[in-house]
Amino acid sequence: MDFFSAGLGLACLSFVLGFAWRVHGRPGSRLPAASEQDRRKSGLAAGLVDIILLRRTLRTGKLRWAGHTLLILGFLPLLFLHAMDGIVTRPLFSGYEPTLEPWQSARNALGLAALAGLGLLVWHRGRRLRAFSRVQDWALLGLLAAVLLTGFVLEAAKMASPADFERMVADFFPEADGDEFIALQAHWARENGVRFERFLPTAPEILEQGRELHEDRCAGCHAPTATAFASRTLADALPAGAVLPRTMAPIFWHLHVGLAFLVLALLPWGKFLHPLASPANLLVRGGRWDSGFPAAPPARNLALEACTRCGQCSLHCSVAPSRRVLGNVDILPMDKLADLRSWLDRSLDGARLADLVEGSHVCTECLRCTQVCPAGIDLQDLWISSKAALSEAGRAGVDGEIRKRTAGEWAHELASRRLGKVGASGSGLADHAESFWGCVQCTTCTGVCPVVAVSTDPQRDLDLTPQQIMNYLRMGLKAQTLGARMVWSCTTCYKCQEHCPQGVPVADILYELRQLGARTLRHRGKP
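Just so it is clear, the structure is predicted and the values come from calculations on it, not from any experiment. (Residues numbered from 1 in each chain as written. Predicted model: local features only at pLDDT ≥ 70, side-chain atom pairs only at ≥ 80, totals over all residues. Heavy atoms only, no water.)

A few words now on helix α11 (residues 229-236). An α-helix turns once every 3.6 residues. As a result, residues three or four positions apart point the same way. Regarding α11, the residues found buried are A230, S231, R232 and A235. On its buried face, α11 sits against α6 (103-128), α7 (135-160) and α9 (178-191). (Buried < 20%, exposed > 50% of the residue type's maximum accessible area, 1.4 Å probe, protein only. Helix = DSSP H or I, 4+ residues; strand = E, 2+ residues; numbered from the N terminus. Contact = heavy atoms within 4.5 Å.)

Our next topic: the pattern of salt bridges. Overall, the coordinates contain 23 salt bridges when judged by the stated rule. In this structure, D137 and K271 form a salt bridge, with 3.2 Å as the shortest nitrogen-oxygen distance. One end of the pair, D137, is in helix α7; the other, K271, is in the loop between α12 (248-266) and α13 (274-285), with 134 residues separating them in the sequence. For D137, a relative accessible area of 0% puts it in the buried group. Residues R246 and E197 are paired through a salt bridge, measuring 3.0 Å at the closest nitrogen-oxygen approach. (Salt bridge = Lys/Arg side-chain N within 4 Å of Asp/Glu carboxyl O.)

Next up on the list: unusual backbone geometry. Residue P102 is bonded to the preceding E101 through a cis peptide linkage, with omega at 5°. If you trace the backbone, P102 turns up in the loop between α5 (89-92) and α6. Of note, T443 is a non-glycine position whose phi angle comes to about 65°, a positive value. Here T443 is to be found in the loop between α23 (433-436) and α24 (444-448). Classification of T443 as partly exposed rests on a relative accessible area of 38%. Despite not being glycine, T492 shows a phi value in the positive range, around 50°. Here T492 lies in the loop between α29 (485-489) and α30 (495-499).

Here we take up the packing of helix α18 (residues 350-362) against helix α20 (residues 379-392). Contact geometry for α18 and α20: axes closest at 10 Å, N-to-C directions at 125°. Here α18 is positioned oblique relative to α20, judged by the angle of their axes. For the crossing formed where α18 meets α20, the hand is left-handed. Here α18 contributes L353, L356, V357, S360 and H361 to the contact with α20, which in turn contributes K387, L390 and S391. For the contact of α18 with α20, a count of residues per class yields four nonpolar, three polar and one charged. (Axes fitted to C-alpha atoms, helices over the stretch in contact; angles between N-to-C directions. Parallel < 35°, antiparallel > 145°, perpendicular 65-115°, else oblique. Left-handed = near helix turned anticlockwise from the far one by under 90°. Nonpolar A, V, L, I, M, F, W, Y, C, P; charged D, E, K, R; others polar.)

Moving on, we get to the side chain of N192. Locating N192 in the fold gives a position in the loop between α9 and α10 (204-217). Overall, the relative accessible area of 3% leaves N192 in the buried class. Apart from the residues within four sequence positions on either side, N192 is in contact with M159, H187, H214, P224, T225 and R232.

In short, geometric facts, not functional conclusions.
Structure representation (structure tokens):
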């Protein structure tokens, strides 16, 4: 078995195994299923428009759109018309030869377009997304660039290679005598840039004989190499008189083909699948920009694989500032989606699972990430359903944990802990008596509170009302307030604070208590 057959076989095996793992490897969806009546129909035409025009990508920036457009317009024709020419181009176009026009110049133009697109994407990622990028993000761009660059170098090496010239003469002009062979060498050295080891004659009559032999025996399947303008420029850049080793072209052929097989082998793994999954997801979404919650399980599985890690969701996330404070990367949608996939695959536990739970409950479900996602992923549906699934699995987060006990039960536990102070710069409002000392228990804050208003039994639903919390603080019972459902149900609408006749910062104090309670529960069990 030769290199090509073995490499292609291994790459195809990796592709099939990886794709099968993607389809069947996930042990059942742990997300709540949608009923048939909940599923909404999508528009096929709108999905096709999104795929063909990259409409969603354009919305995220013209530069990024230009990079993707150039890469797709350059790479896809190279894949189908050049890499698969034996099963696509040759049967479709009679007389096709890769060394004839227009294929030779088109191949160079397409390769340059794809490289230009890659350059724009690398520049964009380095400039705007460096903080969010991982190794696989750069690996995909690097591998594609390596395939394209080795293609140009391979073509240039073959142009300058005397070994390739001799092989062609042996195959297609075996009866050439010594003078004819030298005349043909002289013509190819002058016109097509072949670098021969020995000095060749430049007499006009010999060059003319070489030209006639070329027209008669070679021109039928060989256009002038100058039409491969990029590769010929590369070959001509060699120093005058330099001759490439005869092994140079075979080395670059193995490198170019090997890298192409590596891309094929990695296609079903990690981010490499997104060139297939993202268009499929756009087709399923049918042009929708909002959330279609709840989506069907197959659509959710496809959405989980469609992420391109472009970082647009993280750039527009409304709670991204929380990541800088808490240091939890799973607050950002892009990283949270990756860990959600791992949790669904049952390969996430420990601190990373705790990060996913916290990141899921910090999310406000504002819909921004869904609206800006170039791959059309219904992130809103994934966040809502995964939050429910995590809660069902006993991972309800701080907000869910606090509601499992009464305020009195939490006070019993928290009283034995050192609650500390709020804020990095010192104590907070709840630690300074002057913050709440002015409270006269007039119940104005409780009277205007919308959370209290919607409760039929505030003592049962909220444990304590706002003015009762201020009173507890006045009595030094801070621990008893942290577990009060009122603290965790407050919407921070600031009505209590705006209406307080004594100017007590009620909403700020409630928010501060919730922050302290969340921090205490986050480090629960730690020394």
